[in-house]
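Fold and contact review
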Amino acid sequence: MSASINNIAATFANLQITSSSSSSSLSRTSFPLSVSQKSISTKWNPHNNLHKSQKSSLINLYGPPGPPPLHSISTVHPHHHKPILSIPIGQKLPNITLSYLNPNDAVKTLTLSSLCRGKKVVFVGVSAAFSPTCTRFLKRVESEKSRGSDLIACVAVNDVFVMRAWGESMAVGEKVMMVSDGCGELSRVLGVSLDLSAKACLGIGVRSMRFCLSSFNGVITNVNFDDEEENFVYVK
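Residues numbered from 1 in each chain as written. Predicted model: local features only at pLDDT ≥ 70, side-chain atom pairs only at ≥ 80, totals over all residues. Heavy atoms only, no water.

**Here we look at the pattern of salt bridges**
Summed over all chains, the structure comprises four salt bridges. Salt-bridge contacts for Arg164 lead to Asp105; the nearest nitrogen and oxygen are separated by 2.4 Å. Here Arg164, found in helix α5 (residues 160-170), pairs with Asp105, found in the loop between β3 (97-101) and β4 (107-111); they are 59 residues apart in sequence, far enough to count as distant. Here Asp226 ties to Arg140 by a salt bridge, and the two come within 3.2 Å at their closest N and O atoms. Of this pair, Asp226 sits in the segment after β11 (219-225) while Arg140 sits in helix α4 (residues 132-145), and the two are 86 residues apart along the sequence. Residue Asp226 is classed as buried on the basis of its relative accessible area of 17%. Salt bridges linked by common partners bring Asp105, Arg164 and Glu168 together as one network. (Salt bridge = Lys/Arg side-chain N within 4 Å of Asp/Glu carboxyl O. Helix = DSSP H or I, 4+ residues; strand = E, 2+ residues; numbered from the N terminus. Buried < 20%, exposed > 50% of the residue type's maximum accessible area, 1.4 Å probe, protein only.)

**Here we look at α5**
Taken together, the buried positions of α5 are occupied by Val160, Met163, Trp166, Gly167 and Met170. Along the axis of α5, the buried positions cluster into a sector of 130 degrees, meaning they face one direction only. Facing away from the buried side of α5 by over 90 degrees, the exposed positions are Phe161, Glu168 and Ser169. In this structure, the buried residues of α5 make contact with β3, β4, β5 (120-126), α4, β6 (151-156) and β7 (176-180). Following α5 by one or two positions, Ala171 adopts a phi angle in the positive range, close to 55 degrees. (Arc of directions from axis to C-beta. Contact = heavy atoms within 4.5 Å.)

**Quick notes on the confidence of the model for the protein**
Interpretation of the predicted coordinates at a detailed level should be avoided for regions scoring low in pLDDT. On average, residues of the protein score 75 in pLDDT, and 59% of them reach the 70 mark or higher. Scored below 50 in pLDDT, residues 17-27 shows seven contacts in the model against residues more than four places distant or in partner chains. A low-confidence stretch, residues 68-80 (pLDDT under 50), is modelled with zero contacts involving residues beyond four sequence positions or located in other chains. (pLDDT = per-residue confidence, 0-100.)

So this is what it looks like as structure tokens:
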């Protein structure tokens, strides 16, 4: 370190100071600059000189070298995941007991095993009876699935009276059965429970996602979820 300082001091000591009548200037020692005449390659890749572990870390951080991709960047939220049933396709439905109101205004119960035995049953899960989005969803499923199924069971975390009144208001066909999952047991077992308690204006709590589940003889054959969001207008 001391030798470097002495060299710097010696360099400044050798500088010559010239004066003139008009101005004073410092005559500095000129150092020749060697400039390479080689053209810079645009294909140079800094990753080639790095260790494999360093390459992977840089690529993960900055992406691969080269021009930016031409495709558009996805705007999907990274934490937004597609719903998945707790029971995989090909497995039997749980033998949950549901309830309904018969034409004589009597409350009846039935198990899923008895409802699905030997039949093609389509279950339509909805979040809230009478809501516009759930109404559109049920009508859409009814028009698409009525021919290829023996029964369409509309299930919601609502009481039996609301479910029947909703079915009557929509004039559902004979193949549509309005069923109550009053305590939300079926939605919990299927893993489709939906907590809407944050939407205080709706006055509802834990309900069910909107889904369409096809089954044959109690075995799940297909499932789809509806991603349309409810748009309610309310006044404070």
